[in-house]
Amino acid sequence: AALGLRGALESLQPPRAVKVTVLGTPAEEEGGGKIDLLQAGAFQGMNAVFMAHPGQDDAAYLPDVAVHDVTVKYYGKSSHAAAYPWEGVNALDAAILAYNNVSVLRQQMKPTWRVHGIIKNGGIKPNIIPSYAELEFYLRASSRKDLLVLQEKVYACFKSAAEATGCQVDLSSTGHDYDNVLPNKTLARAYQVNGKQLGMQFTTNDMVLNSLSGSTDFGNVSFAVPGI
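Residues numbered from 1 in each chain as written. Predicted model: local features only at pLDDT ≥ 70, side-chain atom pairs only at ≥ 80, totals over all residues. Heavy atoms only, no water.

Visitor: What is the right way to look at the overall build of the protein in this model?
Guide: Across its full length, the protein holds 7 helices and 4 strands. Of the regular secondary structure in the protein, the N- to C-terminal order runs α-α-β-α-β-β-α-β-α-α-α. A globule of 228 residues ought to have a C-alpha radius of gyration of about 17 Å, yet the protein, at 23 Å, is considerably larger. If you line up the protein on its principal axes, its C-alpha atoms span 85 × 35 × 30 Å. The buried share of the protein, reckoned over its 228 residues, is 32%. Long-range contacts, defined as pairs at least 24 residues apart, comprise 78% of the intrachain contacts of the protein with a sequence gap of at least 6. Looking at the protein as shown, the accessible area adds up to about 13,800 Å², and 54% of this sits on carbon and sulfur atoms. (Helix = DSSP H or I, 4+ residues; strand = E, 2+ residues; numbered from the N terminus. Rg over C-alpha atoms; globule rule 2.2 N^0.38 Å. Buried < 20%, exposed > 50% of the residue type's maximum accessible area, 1.4 Å probe, protein only. Contact = heavy atoms within 4.5 Å. Areas by Shrake-Rupley, 256 points an atom, 1.4 Å probe, with all protein chains shown as cover.)

Visitor: What's the story with the pattern of salt bridges in this structure? I'm lost.
Guide: Oppositely charged side chains are able to pair whenever their charged atoms sit close together. Tallying each qualifying case throughout the model produces 7 salt bridges. The salt bridge involving Lys120 is made with Glu136; its shortest N-O contact spans 3.3 Å. Here Glu136 lies in strand β3 (residues 132–141) and Lys120 lies in strand β2 (residues 114–121), a separation of 16 residues in the sequence. What makes Lys120 partly exposed here is its relative accessible area of 46%. The exposure class of Glu136 is buried, given its relative accessible area of 18%. For Arg144, the salt bridge is made with Asp179, and the minimal N-O distance between the two is 3.2 Å. In this pair, Arg144 sits in helix α4 (residues 144–165) while Asp179 sits in the loop between β4 (168–172) and α5 (185–197), placing the two residues 35 residues apart along the sequence. (Salt bridge = Lys/Arg side-chain N within 4 Å of Asp/Glu carboxyl O.)

Visitor: So what exactly am I meant to see when it comes to a nonpolar patch on the surface here?
Guide: On the surface, Leu5, Val18 and Val20 cluster together to form a nonpolar patch covering roughly 230 Å² of accessible area. Within the secondary structure, Leu5 sits in helix α1 (residues 2–11). The class for Leu5 is partly exposed, based on a relative accessible area of 41%. (Patch = residues over 30% accessible without salt bridge, like charges linked within 9 Å, V, L, I, M, F, W, Y side chains within 5 Å.)

Visitor: Quick question: what am I supposed to make of the domain arrangement of the protein here?
Guide: Size of an interface: often given as the accessible area lost when the parts come together. The domains assigned to the protein are domain 1 (1–64 + 180–224) and domain 2 (66–172). On the domain 2 side, the residues contacting the 7 residues of domain 1 number 10 residues. Of all residues in domain 1, Asn180, Leu212 and Ser215 give up the largest surface area on contact with domain 2, accounting jointly for 74% of the area buried on that side. At the boundary of domain 1 and domain 2, one finds 0 salt bridges. Applying the counting criterion to the domain 1 and domain 2 interface returns 1 residue pair in polar contact (both at pLDDT 80 or more). A breakdown of the residues in the side of domain 1 that touches domain 2 according to their chemical character gives 2 nonpolar, 3 polar and 2 charged. (Domains from an automatic or database assignment. Buried area = accessible area lost by both parts, 1.4 Å probe. Polar contact = N/O pair within 3.5 Å; in protein donor to acceptor, adjacent residues only side chain to side chain. Nonpolar A, V, L, I, M, F, W, Y, C, P; charged D, E, K, R; others polar.)

Visitor: Hey, could you run me through the packing of helix α3 (residues 91–105) against α4 in this one?
Guide: Each pair of packed helices can be summarised by the angle the axes make with each other and by the distance between the axes. In the contact formed by α3 and α4, the axes pass within 8 Å of each other and the chain directions differ by 145°. As α3 runs across α4, the sense of the crossing is right-handed. Touching Asp93, Ala94, Leu97, Ala98, Asn101, Val102 and Leu105 of α3 are Lys153, Val154, Cys157, Phe158, Ser160, Ala161, Ala164 and Thr165, all from α4. Classifying every residue of the contact of α3 with α4 gives 10 nonpolar, 3 polar and 2 charged. (Axes fitted to C-alpha atoms, helices over the stretch in contact; angles between N-to-C directions. Left-handed = near helix turned anticlockwise from the far one by under 90°.)

Visitor: What is the right way to look at the nonpolar core in this model?
Guide: The nonpolar side chains of a soluble globular protein tend to be buried, and buried together. Ranked by internal contacts, the top residues of the largest apolar core, which has 27 residues, are Tyr74, Val102, Val115, Phe137, Leu139, Val154 and Phe158. If you list the elements that add at least two residues to this core, you get β1 (66–75), α3, β3 and α4. Considering every element that reaches this core, the biggest residue donor is α4, with 8 residues. Apart from residues lying up to four places away in sequence, Val154 is in contact with Val102, Leu105, Val115 and Leu139. (Core = buried A, V, L, I, M, F, W, Y, C linked by side-chain atoms within 4.5 Å.)

Visitor: In this structure, what is going on with α3? I would like to understand it.
Guide: Counting along an α-helix, one turn takes 3.6 residues, and residues three or four places apart therefore face a common direction. Helix length check: α3, at 15 residues, gives a terminal C-alpha distance of 21 Å against a target of 21 Å (1.5 Å per residue), a fit within 8%. Turning to α3, its buried residues are Ala91, Ala94, Ala95, Ala98, Val102 and Leu105. Buried residues of α3, viewed axially, fall in a sector of 100°; they line one side. The inward-facing, buried residues of α3 abut β1, β2, β3 and α4. Of the residues that open α3, the one with a side-chain oxygen 2.9 Å from the backbone nitrogen of Leu92 is Asn90. (Expected span 1.5 Å × (residues − 1). Arc of directions from axis to C-beta.)

Structure (structure tokens):
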């Protein structure tokens, strides 16, 4: 794409003085490589950016949302589950309570909120009260402001489970929070006009165009540089 753009610019009379940069941006799925590059100044001096992502449909914009990941670790005390259960502090109980707390919270969640997670560690043997349990959750919302509200509510679910069971809890994030993608109607319109001239068929499916999509570290870039 960059080489084609350079050729098109050079063919103009007079040629346009435009700098074209191809910037590799790895680690979108884990860690947010674009955010590291953004903080290091890699996008300084750019007037517009375009990010391509594989998908089933061609679209100039999809409603990608803000996301926060959290790893929840509960620490209890092991004991023999048959002989001395009263000596134990059950970390798995805390994990189950936390999962159910989030499920109860769903009734009060906004339609644009998403919370989904798994229990990664729930013990070793049935006759040993688990001293350690671990969950991993993704929290998503349509904006960074809404994401903070959702995060506070979900964290309360995790902390209350620790208090109820007597466990210690550790909450940590593995990487950067991703912002929602900021729409740029001017660039999106230009992309569609030129794409149609080249034979691209853009989706008209409302479910694709208007329903919540995934999340990407490009969202953070879109708040710093105009882009699609």
